[in-house]
Amino acid sequence: MKKCVIALSLALGVMNTAFAVGNAKAPFGGEFKINLGQAPTTLNALSSSDAYASEVQSMIMEGLLTRNPDTREWEPALAKSWTISKDGKTFEFTLRDGVKWHDGKPLTVEDVKFSFDAIMDPKDTYKTAHLKPYYENIKSVEIVAPNKVKFTVGTPYFNNFTVAAGLTVVPMHLYKNPSKEQEKILNKTLVGTGPYMLKEFDRAKRIVLTSNPNWWGRSEPSLKGIHNFQTITMRFIQDSTISIRSIENGDIDYLALQPEEYAQKTNGPKWGKSVHKIKTQNKQVSGYAFVGFNLTNPMFKSVKTREAMVHLFDRKKMIEKLLFNFSLPATGPLYQQSDYADPTVKALEFDPKLALKKLTEDGWKDTDGDRILDKMIDGKKVKLSFTILEPLPDFVKFLTTFQEDAKKVGVDVQVKVVEWNAFIKLLDERKFEAVRLAWGGGDLDWDPKQIWHSESIANAGSNFVQYNNPKVDKLIDESRLIMDKATRVKKLREVYRTIAADVPYIFLFNGKFKFYARTDRIGSEKDTYTYSIGSDYWWIAK
Amino acid sequence: MFTYILKRLLIMIPTLLGITLVTFVIINLAPGSPIEQRIQQMKFGGMGNEGRSSGDNSKSSAVSEEVIEALKKQYGFDKPVHIRYWIWLKNIAKLDFGESFTYEEPVLDVITSKLPVSLQFGVVSLIMSYLVCVVLGVIKAVKHGTAFDYVSSFLLFVFYSIPGFMLAILLIVYFAGGGFYNWFPMGELYSDNYYDLTLWGKIVDRVHHFILPLICYMIGSFTVLTMLMKNSLLDEIKKDYIRTARAKGVPEKVVFLKHALRNALIPIVTGIGGFISVFFVGSLLLESIFQLDGMGLLSYKSILQRDYNVIMGLIFIQSVLMLVGNLISDLAYIAVDPRIDFK
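Worth saying up front: this structure is predicted, and the values here are computed from it rather than measured.

## With respect to the overall build of chain B
Looking only at helices and strands, one finds 14 helices and one strand in chain B. In terms of overall dimensions, chain B is more spread out than a globule: its C-alpha atoms have a radius of gyration of 26 Å, far above the 20 Å expected for 343 residues. Here chain B, with 343 residues, has 47% of them falling under the buried criterion. Nonlocal contacts in chain B, meaning residues at least 24 apart in sequence, comprise 72% of its contacts between residues at least 6 apart. In chain B, 30 positive and 27 negative side-chain charges are present, and the distance between their average locations comes to 11 Å.

Have a look at this one:
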């Protein structure tokens, strides 16, 4: 394993030439209007935890490095260069010269060190407990020269560098030990180094950002054609009908769409003329929904029974009738377009006859004529009857179809919709028979430890179905130490195959596309980049 | 009278204690606390209640003990429940409502920042409902049994049966530029250029934004109040003193508008105390449709996010308003109905 760590060597450190991906001729200026969905509760770069705040922060604050949306290679941002030590345990970043905070003060290495120390502060002065788990593997950040910082990590792990390079740098002169009054201001203002500056935050109305004329990136040839707007206005529209009306009206210029909205709600007279809807496909990770079995329940101990359940789930029909044919049946524990998903794994088909055959082989039989299969397990008669916990009323229509098909074979399925907090409590206490939930994409580089490693069963970890396969554990542990992606892909594809064969979940659907709408005011180089929609590269065309 | 008011005010103290204690116990018994909310965010990403969670992977699998301890300290949960209630109570005596866990601001600041929205709609819909409903109720009573009465009743009940949020969507689609008429803005309280307008322009702009949401806010109470007015007046008309007045040759108009109306207004007027709570009126659905940042959304979100201090603050203020409102109602009774005496 250690060899692998050493093998990573300096591969990342020499990739200092950035590839320009924007349109160098894109005109600068104009107002780009988007819908944020909701007002962030606080903008404080350290303590905020909602997705709305991080979206605003992503335009104002910067990290040490950034990723190219087409190649996904690391590119310089606040750091102009970096090196990784031979043992993979230290990373050194050299800061760019002349970068200024939006209030005019210069960016320093102290800011970088403070950004890390504030997060890890044992007294939790900066209310950052929610960030600590991400950084736990980084032991320290030290200043080694007036423009150089060194990150030292604990255990080797392939993702350590990502965590370090992605650290958001905050201005120490504003955040360090603020008074009560200053703290209040930090909730409503945001000072960064990035291409946009916060101009207005009116919780009841909008957020306005304005272009930062002193942004260091303006003089970088490789960054031509990026961040082209003079102003970005963010609205807080929550209702989907209203947000679609707003883009038709031109009140907003860009809107991410749900498949149902794309198929059914975006067909008025303005569509195709002043507003365009776009169906696109890139390698951004997508999540998948699943029904997870409580594997410690005697009913679900046998893989045959679990397979039978998959054969009773008519995913093809649901995709056709309810998902507008925009999805594929999932084959395993990851979005199947991911590099880490094994393409040879095929989805189990809907086949009630085969399901019944497998159940019979497994010993399930209706012995008492109540039309529900049963079996003697450990001297007790167990009926094949279980309840699926569901947090979302909207999803019940899918489960109802399953319920009906299962009933015909003699499997009694109940569905219980549970409020989110209660739902989580039942998961944490492992008090469920089956559960329906969805995993979001997570990071592009897959690390299945959080969900599939047996260590994650304890302490209310995310392996709530209590999946435990020593072979998978071993492969996961090994893969975490491999820095070379191709080797890691090989190992993790085996994990993917093994888990898929163990059927701990009924893996449901993988969305094939991303959907969004934009008005004809917006110009863009292309509909999507390999790893993102790329709205940073858009411009106002008229 | 004075001792009565004093007694009522004194009774409020144990009542409030009871309400806050019960609320405190209930929110602490309900699954999920601010700490668990944060842990969920770490484990599942922030968007939990959409039934989708992100399996993030740049962190370890379980949340460590140190992190949980840090969180407990951050939220003051390192002390037992009864101590926390006692601390809350001591603070409330100093009118310190604590800090909101979500907004990281004093609860009072959070509540007062949402208050203007609710206040505007509450007060205006209260005044408008009274103005229109009393007049309409009287006309309906006078014209009882005529075509006008039937048609207006029919319309009132049709409106009554439409949920406010449905009406909101319909109004926006038809009258706010959704492909039909573009007469009104789609939501929010004022336009982007509001601060550049003249005073008159500001007023027009506000009214313009106000009309659609106001209709939706009022629709529920409208029918109830009109029918209450009408029936109350009809009840009075049947009474002996009216018959006497009519027998004495008092003109019908005077009988209705002077003698009967005064008494018929009693049940309506005495309801006025309850309206002190209009300061806190809020509707989750309307607020999210019209993009208004008011009390409805605040209450809903603070319950979902287990923002204990905000929940407690809202319950406390609402209870005080309700108790004071009831007292005002009773005093209004005494004022308008000389037969009642609370000695």
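## Quick look at the packing of helix H10 (residues 303-311) of chain A against helix H12 (residues 352-361) of chain A
Residues and elements named next belong to chain A. As a packed pair, H10 and H12 sit with axes 8 Å apart at the nearest point and diverge in direction by 165°. Accordingly, the angle class assigned to the pair H10 and H12 is roughly antiparallel. As H10 packs across H12, the resulting crossing turns out to be left-handed. When H10 is examined against H12, the residues Lys304, Thr305, Glu307, Ala308, Met309 and His311 are found in contact with a partner set consisting of Pro352, Leu354, Ala355, Lys358, Leu359 and Glu361. Partitioning the contact of H10 with H12 into residue classes produces six nonpolar, two polar and four charged.

## Some details on the side chain of Thr233 of chain A
Residues and elements named next belong to chain A. With respect to the helices and strands, the residue Thr233 is situated in strand E10 (residues 231-235). For Thr233, the side chain forms a polar contact with the side chain of Glu31, separated by 2.5 Å. Not counting residues within four places of it along the chain, the set of residues in contact with Thr233 comprises Glu31, Phe32, Lys33, Ile34, Arg206, Ile207 and Val208.

## Some words on a nonpolar patch on the surface
Among the surface-exposed residues, Leu199, Trp200, Ile203, Val204, Val207, Ile211 and Ile215 of chain B lie close enough to one another that they form a single nonpolar patch of about 680 Å² accessible area. Position of Trp200 of chain B among the secondary structure elements: in helix H8 (residues 199-237).

## What about the environment of Asp239 of chain A?
Structurally, Asp239 of chain A is set in the loop between E10 and helix H8 (240-249). The class for Asp239 of chain A is buried, based on a relative accessible area of 18%. Between the alpha carbons of Asp239 of chain A and Gly37 of chain A there is a distance of 8.4 Å; along the sequence they are 202 residues apart. Look past the residues within four positions of Asp239 of chain A in its chain and what remains in contact with it is Ile169, Ser288 and Ile289 of chain B. Looking at Asp239 of chain A, its side chain comes within polar contact range of the main-chain nitrogen of Thr241 of chain A, at 3.0 Å. Of the polar contacts made by the side chain of Asp239 of chain A, one reaches the backbone nitrogen of Ile242 of chain A; its length is 3.2 Å.

## Some points on the state of the cysteines
Under the counting rule described, the total for this entry stands at zero disulfides over all chains. Lacking any disulfide linkage, Cys133 of chain B is separated from the closest cysteine sulfur, that of Cys216 of chain B, by 16 Å.

## Concerning the pairing of strand E22 (residues 514-519) of chain A
All names here are of chain A. Most of E22 sits out of view: six of its six residues are buried. As paired strands, strand E11 (residues 254-257) and E22 are joined by four bridges and run antiparallel to one another. Its bridge partner being in E22, Tyr254 is matched across the sheet by Arg518. Relative to E22, strand E12 (residues 275-280) is paired through six bridges, and the arrangement is antiparallel. Bridge pairing in E22 places Ile278 opposite Tyr516.

## A closer look at the UniProt feature "transmembrane region" (unreviewed entry) in chain B
Residues and elements named next belong to chain B. Taking the UniProt record as the reference, the feature "transmembrane region" (unreviewed entry) is found at residues 9-30, 119-142, 154-176, 210-229, 265-290 and 310-336. In residues 119-142, helix accounts for 100% and strand for 0%; the two terminal C-alpha atoms are 34 Å from one another. Spanning residues 210-229, this segment combines 100% helix with 0% strand, and its end C-alpha atoms are found 26 Å apart.

## Brief notes about the interface of chain B and chain A
By convention, interface size is frequently given as the accessible area that disappears when the constituent parts associate. Contact with chain B, which involves 56 residues of that partner, is made by 73 residues of chain A. For the pairing of chain B and chain A, the buried interface totals around 5600 Å² over both sides, and the portion due to carbon and sulfur atoms is 50%. Applying the counting rule to chain B against chain A returns 11 salt bridges. Two residues, Glu99 of chain B and Lys180 of chain A, come together in a salt bridge whose shortest N-O distance is 3.9 Å. In this structure, the connection of chain B to chain A is made through 14 residue pairs in polar contact (both at pLDDT 80 or more). At the level of elements, helix H2 (34-44), strand E1 (53-54), helix H3 (65-75), helix H7 (164-175), helix H12 (284-289) and helix H13 (295-304) of chain B are the ones that each hand at least two residues to the side of chain B that touches chain A. Considering each element in turn, the side of chain B that touches chain A owes the most residues, seven residues, to H2 of chain B. Of the residues contributing to the side of chain B that touches chain A, the split by class is 19 nonpolar, 22 polar and 15 charged.

## So, the nonpolar core
Residues and elements named next belong to chain A. Formed by 73 residues in total, the largest nonpolar core has its most connected members in Phe93, Phe151, Phe161, Ile207, Leu209, Ile232 and Met234. Looking at which element gives the most residues to this core, the answer is helix H3 (residues 109-120), with six residues. In terms of domain composition, this core takes at least three residues from each of domain 1 (61-177) and domain 2 (196-281 + 516-540). Once residues within four sequence positions are removed from consideration, Phe151 is found in contact with Leu64, Lys89, Thr90, Phe91, Phe93, Val112, Ile138, Ser140, Val141, Ala164 and Leu167. In terms of nonpolar packing, the next biggest core, distinct from the first, is built from 72 residues, Phe423, Ile451, Val472 and Tyr496 among them.

## Side note on the domain arrangement of chain A
All names here are of chain A. Taken domain by domain, chain A consists of domain 1 (61-177), domain 2 (196-281 + 516-540) and domain 3 (288-511). If you average the C-alpha positions of domain 1 and of domain 2, the two centres end up 29 Å apart. Across the contact, 11 residues belong to domain 1 and 12 residues belong to domain 2. Carbon and sulfur atoms supply 54% of the area buried between domain 1 and domain 2, which totals about 990 Å² over both sides. For domain 1, the biggest contributors to the area lost against domain 2 are Pro69, Asp70 and His102; these three give 57% of the whole. In this assembly, domain 1 and domain 2 are joined by two salt bridges. The shortest N-O distance in the salt bridge between Glu220 and Arg96 comes to 3.3 Å. Scanning the region where domain 1 abuts domain 2 turns up seven residue pairs in polar contact (both at pLDDT 80 or more). Split by residue class, the side of domain 1 that touches domain 2 holds five nonpolar, two polar and four charged.

Reading the values: the criteria
Residues numbered from 1 in each chain as written. Chains lettered and ligands numbered in written order. Predicted model: local features only at pLDDT ≥ 70, side-chain atom pairs only at ≥ 80, totals over all residues. Heavy atoms only, no water. Helix = DSSP H or I, 4+ residues; strand = E, 2+ residues; numbered from the N terminus. Rg over C-alpha atoms; globule rule 2.2 N^0.38 Å. Buried < 20%, exposed > 50% of the residue type's maximum accessible area, 1.4 Å probe, protein only. Contact = heavy atoms within 4.5 Å. Lys, Arg positive; Asp, Glu negative; His and termini not counted. Charge placed at Lys NZ, Arg CZ, Asp CG, Glu CD. Axes fitted to C-alpha atoms, helices over the stretch in contact; angles between N-to-C directions. Parallel < 35°, antiparallel > 145°, perpendicular 65-115°, else oblique. Left-handed = near helix turned anticlockwise from the far one by under 90°. Nonpolar A, V, L, I, M, F, W, Y, C, P; charged D, E, K, R; others polar. Polar contact = N/O pair within 3.5 Å; in protein donor to acceptor, adjacent residues only side chain to side chain. Patch = residues over 30% accessible without salt bridge, like charges linked within 9 Å, V, L, I, M, F, W, Y side chains within 5 Å. Areas by Shrake-Rupley, 256 points an atom, 1.4 Å probe, with all protein chains shown as cover. Salt bridge = Lys/Arg side-chain N within 4 Å of Asp/Glu carboxyl O. Disulfide = S-S within 2.5 Å. Pairing = 2+ DSSP bridges. UniProt positions renumbered as here; feature names shortened; annotations may be inferred. Buried area = accessible area lost by both parts, 1.4 Å probe. Core = buried A, V, L, I, M, F, W, Y, C linked by side-chain atoms within 4.5 Å. Domains from an automatic or database assignment.

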